[in-house]
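Chains, contacts and geometry: an overview
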Amino acid sequence: MWPFWWKGASGFSARSTAEEVTHGIDGTGLTAIVTGASSGIGEETTRVLALRGVHVVMAVRNTDSGNQVREKILKETPQAKIDVMKLDLSSMASVRSFASEYKSLNHPLNLLINNAGIMACPFTLSSDNIELQFATNHLGHFLLTTLLLERMKKTANESNREGRIVIVSSEGHRFAYGEGIRFDKINDEASYNTLQAYGQSKLSNILHATELARQFKEQGVNITANSLHPGSIMTNLLRYHSFINTIGNAVGKYVLKSIPQGAATTCYAALHPQAKGVSGEYLMDNNISNPNSQGKDKDLAKKLWEFSLSLTGEEES
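Each residue is numbered by its place in its chain's sequence as written, counting from 1. Reporting of local features is limited, given that this is a predicted model, to residues whose pLDDT is at least 70; pairs of side-chain atoms are given and counted only at 80 or more, and all residues count toward the totals for whole chains, interfaces and linings. The side-chain numbers reported here are obtained from all heavy atoms of the structure, hydrogens and water having been left aside.

1. Some thoughts on the overall build of the protein
- A run of H or I in DSSP becomes a helix once it reaches four residues, and a run of E becomes a strand once it reaches two; helices and strands are each numbered from the N terminus. For the protein, the helix and strand inventory stands at 10 helices and 8 strands.
- Our radius of gyration is a C-alpha quantity, and the globule rule it is checked against amounts to 2.2 Å times the number of residues to the power 0.38. Whereas a compact globule of 317 residues would reach a radius of gyration of roughly 20 Å, the protein reaches 18 Å, a difference of no more than 12%.
- Referenced to the eigenvectors of the C-alpha coordinate spread, the extents of the protein come out at roughly 50 × 50 × 40 Å.
- Only protein chains enter the accessibility calculation, which uses a 1.4 Å probe; a residue is then buried when its area is under 20% of its type maximum, exposed when over 50%, and partly exposed in between. The 317 residues of the protein split such that 57% are buried.
- Contacts were defined at the residue level, with two residues in contact if any of their heavy atoms lie within 4.5 Å. Of the contacts made within the protein by residues no fewer than 6 positions apart, 76% connect residues no fewer than 24 positions apart.

Pasting the structure below:
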């Protein structure tokens, strides 16, 4: 992470907020989906995108919470265009239902913000019998993106505006299992480690963006895909680690980012003109950064892509 005061090549720093990095940008005419939009950086991303004129579809597990956030934003920005739709990323049936409903509404799709995530939870299997962190953080977003790609391509072509896919990863990807992705042990409870499994899912986010970007370039598609580390922020992600949570709450205001700062890199990647044409990159503190060597492994990215297709039952398009 950059020191808080150090501005990178973009002119922004770790201290910059989502409002600051989007100042003066007009997002009118753009439509975005933001997953996990009812709390934390997802909520702030929704608020700032809507403030800039973007039509935001909040994809949330709890629509009551989502509607409360929507009403709160509308009080601040009455002209905001925000919809709330149900999405549980841990369930492939829910992802398919969301994608089908979204397409039936005939909404365009310029921006896909894959933000939602869980962190370091006890070993649990999803409703599809896949380890929950991998299922939620990576596989649900992989399926969602796959099902909405044609809509994004159509929107980019008809609007002549670049589509952008933004995937929220984490520096936690550096703490994945030694082999990176345990393709043959995804559901191995005996060797499961809460933080390494989280790292595996976040490494998967980076590799997903890497392979998407490669395919878009090969196909000549006007869509970019990037991953990012939002920064160290006190959100409800650490609810499974009460000791870390307690320490973080005590010292966080001195060493951690605020939520407006945490949402900045997402909003920068989604809206800023400097990010035009930037694809397959890993961003941090509103600047291009570097993941670990596994995050740059294009063969690993391709293997994960094929593995994810097999788990979701999707065919190569």
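2. Re the pattern of salt bridges
- Basic side-chain nitrogens of Lys or Arg form a salt bridge, by our definition, when they fall within 4 Å of a carboxyl oxygen of Asp or Glu. Counting across every chain of the model gives 13 salt bridges.
- Two residues, Glu19 and Arg47, come together in a salt bridge whose shortest N-O distance is 2.8 Å. Residue Glu19 is located in helix H1 (residues 18–21), and its partner Arg47 is located in helix H2 (residues 40–51); the two are separated by 28 residues in the primary sequence.
- Residue class for Arg47 comes out buried when judged on its relative accessible area of 14%.
- Arg174 is paired through a salt bridge with Glu171; the nearest N and O atoms lie 2.9 Å apart.

3. A closer look at empty space enclosed by the protein
- Cavities and pockets are found on a 1 Å grid laid over the protein atoms alone: a cavity is a set of points where a 1.4 Å probe fits but cannot escape, a pocket is an open set with protein on both sides within 12 Å along at least five of seven lines, and a lining residue has an atom within 4 Å of such a point. Grid points are joined across faces, edges and corners, and a volume is the space filled by probe spheres set on the points. In this structure the tally under the stated criterion is 1 cavity of 30 Å³ or more.
- Reported here for the largest cavity is a volume of approximately 40 Å³.
- As for the largest cavity, its lining consists of Leu89, Ser90, Ser91, Met92, Val95, Asp128, Ile130, Ala135, Leu139 and Gly140.
- Breaking the lining of the largest cavity down by element, the ones donating at least two residues are helix H4 (92–104) and helix H5 (132–159).
- Three residue categories are used. Nonpolar comprises Ala, Val, Leu, Ile, Met, Phe, Trp, Tyr, Cys and Pro, charged comprises Asp, Glu, Lys and Arg, and polar comprises the others, including Gly. Here the lining of the largest cavity is composed, by residue class, of 6 nonpolar, 3 polar and 1 charged.

4. Topic: the packing of aromatic side chains
- Pairs were defined over the aromatic rings of Phe, Tyr and Trp, the Trp ring being its six-membered one, requiring ring centres within 6.5 Å. Orientation was assigned from the angle between planes: stacked under 30 degrees, edge-to-face over 60, tilted for the rest. Scanning all chains against the criterion turns up 6 aromatic pairs.
- Seen in terms of ring centroids, Phe123 and Tyr192 are 5.1 Å apart; in terms of plane orientation they differ by 75°. Their pairing is edge-to-face. One end of the pair, Phe123, is in the loop between strand E4 (111–114) and H5; the other, Tyr192, is in the loop between strand E5 (163–168) and helix H6 (194–219), with 69 residues separating them in the sequence.
- Taken together, a centroid distance of 5.1 Å and an interplanar angle of 85° make the contact between Phe183 and Phe307 edge-to-face. Here the residue Phe183 occupies a position in the loop between E5 and H6, and Phe307 occupies one in helix H10 (residues 298–312), the gap between them amounting to 124 residues.
- Exposure remark for Phe183: the relative accessible area of 16% places this residue in the buried category.
- Of the residues examined, Phe307 reaches a relative accessible area of 17% and is grouped as buried.

5. Some thoughts on the layout of surface pockets
- One number sums up the size of the second largest pocket: a volume of about 310 Å³.
- Around the second largest pocket, the lining is made up of 15 residues, and of these Thr210, Ser279, Gly280, Glu281 and Lys298 lie nearest the centre.
- The greatest single-element share of the lining of the second largest pocket, amounting to 5 residues, is contributed by H6.
- Its residues placed into classes, the lining of the second largest pocket shows 4 nonpolar, 6 polar and 5 charged.

6. Comments concerning the nonpolar core
- Throughout this description, the term nonpolar core refers to a set of buried Ala, Val, Leu, Ile, Met, Phe, Trp, Tyr and Cys residues connected via side-chain atoms within 4.5 Å. Among the nonpolar cores identified, the biggest contains 45 residues, and Ile33, Phe98 and Ile165 are the most heavily contacted of them.
- Elements supplying a minimum of two residues to this core: strand E2 (55–60), H4, H5, E5, H6, strand E6 (223–229) and H10.
- With 11 residues, H5 is the single largest residue contributor to this core.
- Excluding anything up to four places from it in sequence, Ile165 contacts Leu112, Asn114, Thr145, Leu149, Met152, Leu212, Phe216, Ile223, Thr224, Ala225 and Asn226.
- Core analysis: the next-biggest nonpolar cluster, separate from the first, contains 35 residues, Phe12, Val34, Ala37 and Ile41 among them.

7. Considering the sheet that holds strand E1 (residues 31–35)
- Spatially, E3-E2-E1-E4-E5-E6-E7-E8 is the arrangement adopted by the 8 strands of the open sheet, whose pairing is mixed. The two strands at the open ends of the sheet, each matched to only one other strand, are strand E3 (82–86) and strand E8 (287–289). The mean angle between the axes of side-by-side strands here comes to 25°, regardless of whether they run parallel or antiparallel.
- DSSP-based pairing: two strands are paired if at least 2 bridges between them are found. Note: E4 against E5, 4 bridges, orientation parallel. The angle between two axes is taken between their N-to-C directions and runs from 0 to 180 degrees, where each axis is a line fitted to C-alpha atoms and a helix contributes only its stretch in contact.

8. What about the pairing of E2?
- Of all 6 residues making up E2, 6 are buried, and the element is well covered by its neighbours.
- Burial of E2 is two-sided: the residues His55, Val57 and Ala59 facing one way and the residues Val56, Met58 and Val60 facing the other way are all buried.
- Looking at chain direction, E1 and E2 are connected through 5 bridges and run parallel. Residue pairing for E2: Ala32 is matched across the bridge by Val56.

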